[in-house]
2 protein chains.
Amino acid sequence: MSELRIIGITGIPEIMPGDNLAEILLQALLRQKIVLEEKDILVVKQKIVSKAEGRLVWLKDVIPSEFARYIAVQTGKDPRHIEVILRETKRIVKMDRGILIVETKQGFVCANAGVDESNIAGEEVVSLLPLDSDASAQRIRDYLIQKTGIPLAVIISDTFGRPWRQGLVDVALGVCGLKPIQNYKGQRDPYGHLLKATEIAVADELASAAELVLGKTTGVPAALIKGYPYVLENGKGTDLIRPAERDLFR
Amino acid sequence: MSELRIIGITGIPEIMPGDNLAEILLQALLRQKIVLEEKDILVVKQKIVSKAEGRLVWLKDVIPSEFARYIAVQTGKDPRHIEVILRETKRIVKMDRGILIVETKQGFVCANAGVDESNIAGEEVVSLLPLDSDASAQRIRDYLIQKTGIPLAVIISDTFGRPWRQGLVDVALGVCGLKPIQNYKGQRDPYGHLLKATEIAVADELASAAELVLGKTTGVPAALIKGYPYVLENGKGTDLIRPAERDLFR
């Protein structure tokens, strides 16, 4: 019987720049008496990764450009917040009705370049996405494997909107230890039909599944997923970014 | 400790038009000795719902229009398959590089109007999306509650692609018994900041979570989710469709 378990990791203290996040997560798992097993998947919210990596900007230190001030009027946001968004942006994909959809310097297409003010202590501080979420996932994974000897996978997740559908869902920004896309191409369904091109973004589904025990107001910024059968094979969160030439919507 | 369990429902036989799908699911749960509890969420793949509802089309009965034949050449698909897609289509959103993104008559924006040939017994048969997935979810829910007395929720799920990100994920087409969107607007994060507009598409996340125990080749077309705390309040899968006037990408 295939069964998945998703456990919220509680009791994680406020994360500060320079903190050893992997050690903090390990201690939280121990306190909660969660036994790590081979092929467990640790899903960690981008926000605490960004905090540990010092990816925070105090708005008092930001001088907005004329363009940022102009956009701020349209979006109803603080011009310094817009300035930070623009500094994280490679390309503006869509700018309309007060919404700013951009391609970040890391390649993600999302609203406001992932610059966010929620779930941070203090006023007028915003967080940026990690510089390299795959490297962040790998650092956490390497540390945990070194300390425990247990091969597991790590996903760094964030909450993104999407066209056509209302509401946001969590997706995987960074991945280490599993292939983010399960490719069924060339396999057969139970009726013998060849599956032509079914690629499932399992790392995004794992991130979404974890979000269900996290929430926005509960102070639970990580979860452990048990029982998902995957092949120990590497892949990156950036594999989940659709190449521009295969994307009809940017 | 918040913990979610997702259990694949096995041993579901081939579904035929006219079958009582709710009864078949109930029997499968009993055989597997899964105890239904209050607030369990049953996720059922669209494909078996469509089969039970007779939403199948035999291509031998389809005469493609001239437009369908012309499109077939560009997409490399059977012209009769294209004809079926066009008959399910309200509006073509994007048509490029052999890909057909449409708004279906039900309002979903997806590739090929959800017309699909995989996981169906027999050759040259395609399945259509249910006429009204919310009604399908409600019928299954009503039957199960009538038989068991246990208030649960039902989600009808399907696999959709999305712009910007590689790979497909499962989303909720039909919902009954829970609110598909969790709205945090007006709530405060643990730091006291007011959350401005965070709407989480939890029904889509539940569908994605269930997909992780389903897969495309395993013949497991339904899953039961236990431990997700939701308020027994109604909502519809169509609530997850972004209204055109709030959508920058169609």
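Residues numbered from 1 in each chain as written. Chains lettered and ligands numbered in written order. Predicted model: local features only at pLDDT ≥ 70, side-chain atom pairs only at ≥ 80, totals over all residues.

What follows concerns the nonpolar core. The biggest cluster of nonpolar side chains holds 140 residues, and the ones touching the most others in it are I155 and L206 of chain A together with I155 and L206 of chain B. Look past the residues within four positions of I155 of chain B in its chain and what remains in contact with it is I41, V43, A137, A172, G174, V175, A203, L206 and A207 of chain B. (Core = buried A, V, L, I, M, F, W, Y, C linked by C-beta atoms within 7 Å. Buried ≥ 20, exposed ≤ 12 C-beta atoms within 10 Å, placed from the backbone. Contact = placed C-beta atoms within 7 Å.)

Once turned by 180° and shifted 0.0 Å along the axis, chain A lies on chain B with an RMSD of 0.0 Å. Here the two chains are linked by the operation of a two-fold rotation axis. A share of 100% of the interface residues of chain A reappears at the interface of chain B, consistent with the copies meeting face to face through the same patch. (Least-squares fit on C-alpha atoms with pLDDT ≥ 70 in both.)

It is worth spelling out the sheet that holds strand β6 (residues 109-111) of chain B at this point. All names here are of chain B. Taken in spatial order, the three strands make up an open sheet running β4-β5-β6, and their pairing is antiparallel. Since the sheet does not close on itself, it has two edges, and those belong to β4 (89-96) and β6, each with one partner. Neighbour to neighbour, the strand axes of the sheet diverge by 30° on average, direction disregarded. The pairing of strand β5 (residues 99-104) with β6 spans three bridges and is antiparallel. For V102, the partnering residue across the bridge sits in β6 and is C110. (Pairing = 2+ DSSP bridges. Helix = DSSP H or I, 4+ residues; strand = E, 2+ residues; numbered from the N terminus. Axes fitted to C-alpha atoms, helices over the stretch in contact; angles between N-to-C directions.)

So, on to the environment of L214 of chain A. All names here are of chain A. In this structure, L214 sits in helix α6 (residues 202-214). As for L214 and I7, which are separated by 207 residues in sequence, their C-alpha atoms are 9.2 Å apart. Apart from residues no more than four positions distant in its own chain, L214 is found in contact with G8, K45, V220, P221 and A223.

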